[in-house]
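Structure assessment
As a plain string of letters, each chain reads:
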Amino acid sequence: MNYQEIRKSAEYTATKFRQGYLIVRIQTRSELSISLNSGRIENFSTSSESGIGIQAFTNKGAPGFASANNLTPEIADQLAQKAYELALDNERSGCELNTSIFQAPRAREDIPNAAKYDFHEISPVRLQELTMNIHQRLLEIKIKRGNIAWQTSYRQIEDYWCIARQDGTLVSFVTPRSVIVHQGTIKQENISQSFSVNRSGVDAEILLDEEQDMVLHQKTQSKADFIQKVSVAPQIISGSYPVLIDYGLAKGLAHEAFGHAVESDLVEESILSENGKLRKGLVISEKDISIIDESIKGDWAYQPYSANGILRKPVEIVKNGVLQSGLGDIFSSDKAGIEMTGAGRAEYYGSVPLPRMTNIRLETAENIPLPVTLNLQEEILNLRQALKERDLLDERVHYLLLGYRGGQVNPKTGDFVFQCDGAVNLADPDLPIFQPGIFSGKILSVLKSVQLSLGSEKLDAIGTCGKAGQLVPSSGGASGYISIAKNENIRLGGNSNE
Amino acid sequence: MNNSLLETLLDVLNKAQIKPIDGVKLKGWRITLGQSQRINLGVKNDSAGSVYTPPSYSGRESGEVFLIWEDGKCSRSRVQNTVGGEKHWSEQLLLWRLTAYEDHHKINIPSPEKMPEVQIANRDIFNMLTTDTSYIFGQQQRIISDRPTKALTNASLVASWVRNLIYTSTGIAADYPESRYAVSWSFDSQISQGFAERRFPTAEEWGGLWEESVYMYNLLQTRSQPITKDTVVILAPQVVGQMLDQFILPNFQGENILENQSKFKAEDFHKEELFFNEGLSLIIDPLQPERWTSYILTAEGIPAVRTVVVNNGHLLTPYLNTKDAKRWQAHPTAIPMGSGGITINHNQSSSWLEKIKEIQDGVLVLSVLGLHTQNPVTGSYSLAAPSCLRIENGILTGRTDIRISDNIWNVMKSKDTAYAFSQTDNHPYIITTTRPENL
């Protein structure tokens, strides 16, 4: 079934059903994945999958859902009936009713694919060859002690989504994405430390670009050198310190600590709410700090329309230090006291959409420019110099945290934690390196201590968000390295037992 | 459901063994398919069947093919039924051939072996899915009606029935069902509890789990005394499960050991090094009836066996799939289906109900933040634990928040670490020598 046939099928299924109300989602996904390990290919897998999910509502607003990975018209009819029957069962059992979708704005659009290359335009043999060439260069990277094992993976995905509603809404879009990931594992003195570096885009062009400009390779080389030092470095003694965090960590902070706390389905239990409503107007920082979520064309997490067929809007969650808005979908934005921004996303056709982020960034009004370099050591020197010149460098300890390794937040208590790849004490002219220490604190404290940013804006920190067990692409960044003043409510872990 | 995808694939692959694709014939193949039916219910923010957790039905038929060509190259692809017909499968075969890669491990398709008798399908679940769903709706209602009134409650309920089809060119032709039932709930995102097996819970199991979670939740509403320098840290079974996921599973995976990405080296196992405390054993046992982590065949067609990976502190074997077993020159072992698939035994373990009475000054860690970010190889962790229960004079008293820093390898080596079991949990409580900090 081609894309035009899918649009017709989705529209027909949604509009011909005469009971209740339907949202029909059809998704097709093409994916290929190449894995290389220490100079040899480990795997080359492909998949081509499709399916349909139907969300039905009774006239009173009781929901039901049914899905299958079969796109025949007969199955679509059966699923519509099944979803509606479940909705009726749900209504009879006294479920919460929600009729918001009946007033949703109607839309019709077919957004073309932003990829330069068609999914199969570059042959599998050529893709394998390009990935192998890029991987082979890693094997030439030498480290001073111990040994390093290299893995490279290349993934190319093309998701096509078509969403039709009973009111005549029909939108479709393609979210193409691709990524090269290098993972190194350094082993020395019985200590092992892994790290990864990636380059993302929308199609196989990233392989062609990387083969030419070696941008990822240079980042990997610098990172390998840094991690080698980290693996034998001492631990940070736990405490509160002034810190600089890189844009990947800043994305993690914005995503985990603020993004989830303002998603309309989570506002009720969020520390950023009061009586179930978002605390709009809450002053989070005296500084000119902003947090913005925005779907960006060509980005890893691009999604122009919500999974409910509503145009996705950029959201200024925090504007000039003040909590401004949240990520609202059609079903819970009113209840949460925020604007509906088309934030619903679903992992796949069989998932029920939830309010989610796309690309989230942390911006400071004040920014100190830095010379551009791909060399990490040079960048660290530039950061020290920039802070020192402006008398912003702490005299004893001022940590630079590098590399986001994940994080977690409890939205109810407002506690958050993040982990980095390693740390550098910028206050010491020898720039000593330390093992990663968990960065933890309270959501409401952290932005109060954000001061300014250094360097240029970067928004390509990519990842996968796992809210409610649904994995969707996420991304983001910051207006540079983010400077956070010492705050007793924000701590760096390390080893307290020393 | 019918056999159509299987029949189509058998036809397509058998023909490719006779007629070359892009000049090369297929030498061997494996088809792993699942035909599944599933129903989900949920509770979101105290509301049953809300727009985010509506009753949901899913029917799928999909799987994977693994191919070996006559020139030794391999292909791997996800597959599902399609309306594309013969043209689609011709294109797929050509794509699979074009994506074929040199497999330097020279993996074989396994030959048929005797299948173990493990009960992994319970007809009650099938009947519930196909005839009367009132049981699962009833459990959903029970969560709503019995929840603590002040708690914001979320819950998930899922029942599934899968028909597994594993066929190979070497003669494996397995066709068997499996069932699953899982229910989990949380109060204020602080207390989580649940049941996950291949059957429905008994009334006794349900009652025990529910009452324990409500009791813990109520205790968390009261602040207790801060910890002292002598406070003993006890990891609750849920946290122990997360520790197994983060530290034990990756370090015992055969590939990670062979690729030098594990705490252990191959020779540590060959020499049966004493690495853990001498009373400690780790076992993967997929043969237990109606357990969530039990199975009959792996996706590669390898029959389930009981595998002891650590015996009385000594390293015996990693867990090995077909490829890693070939490199290890051993038979494939059991594969753990998540942390629940690994059992911790200690020859001096005790009952938790008895053990807690001996603890004068302790703190029970119910959950931690950020464990997944810790280095799995070094085993060191430094974690915030914002929901803990204080133990004073053998009794759980109230909430406290702490930070814990330690090393899992040291904890599991130490003679001072103790293990205590309760009837409602698969994993033990681990009584550590970790020194906590107030958060």
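Residues numbered from 1 in each chain as written. Chains lettered and ligands numbered in written order. Predicted model: local features only at pLDDT ≥ 70, side-chain atom pairs only at ≥ 80, totals over all residues. Heavy atoms only, no water.

Moving on, we come to the overall build of chain B. Of regular secondary structure, chain B possesses 11 helices and 20 strands. Relative to the 2.2 N^0.38 estimate, which gives 22 Å for 439 residues, the radius of gyration of chain B is 25 Å and therefore close to what a compact globule would have. Here chain B, with 439 residues, has 61% of them falling under the buried criterion. Counting only contacts in chain B whose residues sit at least 6 apart along the sequence, the fraction spanning at least 24 positions is 71%. As displayed, chain B offers around 17,300 Å² of accessible surface, 48% of which is attributable to carbon and sulfur atoms. (Helix = DSSP H or I, 4+ residues; strand = E, 2+ residues; numbered from the N terminus. Rg over C-alpha atoms; globule rule 2.2 N^0.38 Å. Buried < 20%, exposed > 50% of the residue type's maximum accessible area, 1.4 Å probe, protein only. Contact = heavy atoms within 4.5 Å. Areas by Shrake-Rupley, 256 points an atom, 1.4 Å probe, with all protein chains shown as cover.)

Turning next to the overall build of chain A. Looking only at helices and strands, chain A has nine helices and 26 strands in total. Taken over C-alpha atoms, the radius of gyration comes to 24 Å for chain A, in line with the 23 Å a tight globule of 498 residues would show. Each of the three principal axes of chain A carries a C-alpha extent, and together these read 75 × 55 × 40 Å. Counting over 498 residues, chain A shows a buried share of 65%. Sequence separation of at least 24 residues holds for 73% of the intrachain contacts in chain A that already meet a minimum separation of 6. With an accessible surface of roughly 18,000 Å², chain A has 46% of that area assigned to carbon and sulfur atoms. Across chain A, the centroid of the 51 positively charged side chains sits 2 Å from that of the 61 negatively charged ones. (Lys, Arg positive; Asp, Glu negative; His and termini not counted. Charge placed at Lys NZ, Arg CZ, Asp CG, Glu CD.)

Looking at the element boundaries, Glu 102 of chain B is found in strand S5 (residues 101-102). Classification of Glu 102 of chain B as partly exposed rests on a relative accessible area of 45%. On a C-alpha basis, the gap between Glu 102 of chain B and Met 243 of chain B in space is 37 Å, while along the polypeptide they are 141 residues apart. Ignoring any residue separated from it by four or fewer positions in sequence, one finds Glu 102 of chain B in contact with Ile 41 of chain A together with Lys 73 of chain B.

All names here are of chain B. Direction vectors running N to C along helix H1 (residues 4-16) and helix H2 (residues 85-98) enclose 55°, while the axes themselves pass 11 Å from each other. Here H1 is positioned oblique relative to H2, judged by the angle of their axes. Considering how the two elements wind past one another, H1 and H2 form a crossing that is right-handed. Every residue of H2 that contacts H1 at Leu 5, Thr 8, Leu 9, Val 12, Leu 13 and Ala 16 is listed here: Trp 89, Leu 93 and Trp 96. For the contact of H1 with H2, the per-class residue count stands at eight nonpolar, one polar and no charged. (Axes fitted to C-alpha atoms, helices over the stretch in contact; angles between N-to-C directions. Parallel < 35°, antiparallel > 145°, perpendicular 65-115°, else oblique. Left-handed = near helix turned anticlockwise from the far one by under 90°. Nonpolar A, V, L, I, M, F, W, Y, C, P; charged D, E, K, R; others polar.)

Glancing now at the sheet that holds strand S13 (residues 342-346) of chain B. Residues and elements named next belong to chain B. One open sheet holds the four strands; their spatial order is S12-S11-S10-S13, and the pairing between them is antiparallel. Looking at the sheet topology across the chains shown, the edges are occupied by strand S12 (314-315) and S13. Of the strand pairs in this sheet, strand S10 (residues 280-284) and S13 are connected by five bridges, and their pairing is antiparallel. Among the inter-strand pairings, Leu 280 is bridged to a residue of S13, identified as His 346. (Pairing = 2+ DSSP bridges.)

In this assembly, 68 residues from chain B lie in contact with 78 residues from chain A. Summed over both partners, the interface of chain B with chain A buries about 6,200 Å², with 46% contributed by carbon and sulfur atoms. The interface formed by chain B and chain A contains five salt bridges. Linking chain B to chain A there are 34 residue pairs in polar contact (both at pLDDT 80 or more). Taken together, the residues that form the side of chain B that touches chain A break down as 23 nonpolar, 29 polar and 16 charged. The pairing of strand S3 (residues 63-68) of chain A with strand S3 (residues 56-69) of chain B spans four bridges and is classified as parallel. Pairing of Phe 65 of chain A across the sheet is with Ser 56 of chain B, part of S3 of chain B. (Buried area = accessible area lost by both parts, 1.4 Å probe. Salt bridge = Lys/Arg side-chain N within 4 Å of Asp/Glu carboxyl O. Polar contact = N/O pair within 3.5 Å; in protein donor to acceptor, adjacent residues only side chain to side chain.)

A grouping of Val 125 of chain A together with Leu 94 and Leu 98 of chain B is seen on the molecular surface, where their side chains present a nonpolar patch of about 230 Å² in accessible area. Here Leu 98 of chain B shows up in helix H2. (Patch = residues over 30% accessible without salt bridge, like charges linked within 9 Å, V, L, I, M, F, W, Y side chains within 5 Å.)

So, about the sheet that holds strand S18 (residues 418-421) of chain B. Within a sheet, neighbouring strands are paired by backbone hydrogen bonds and run either parallel or antiparallel to one another. Residues and elements named next belong to chain B. Pairing is mixed across the open sheet formed by eight strands, whose spatial order is S14-S18-S19-S9-S15-S16-S17-S20. Only two strands of the sheet have a single partner each, and these edge strands are strand S14 (350-351) and strand S20 (436-438). Bridge analysis of strand S15 (residues 361-369) against strand S16 (residues 380-392) gives seven bridges, and the strand direction is antiparallel. Bridge pairing in S16 places Asp 361 opposite Glu 392. Across the sheet, helix H6 (residues 237-251) is in contact with strand S9 (232-235), S15, S16 and strand S19 (429-431); its angle to S15 comes to roughly 50°.

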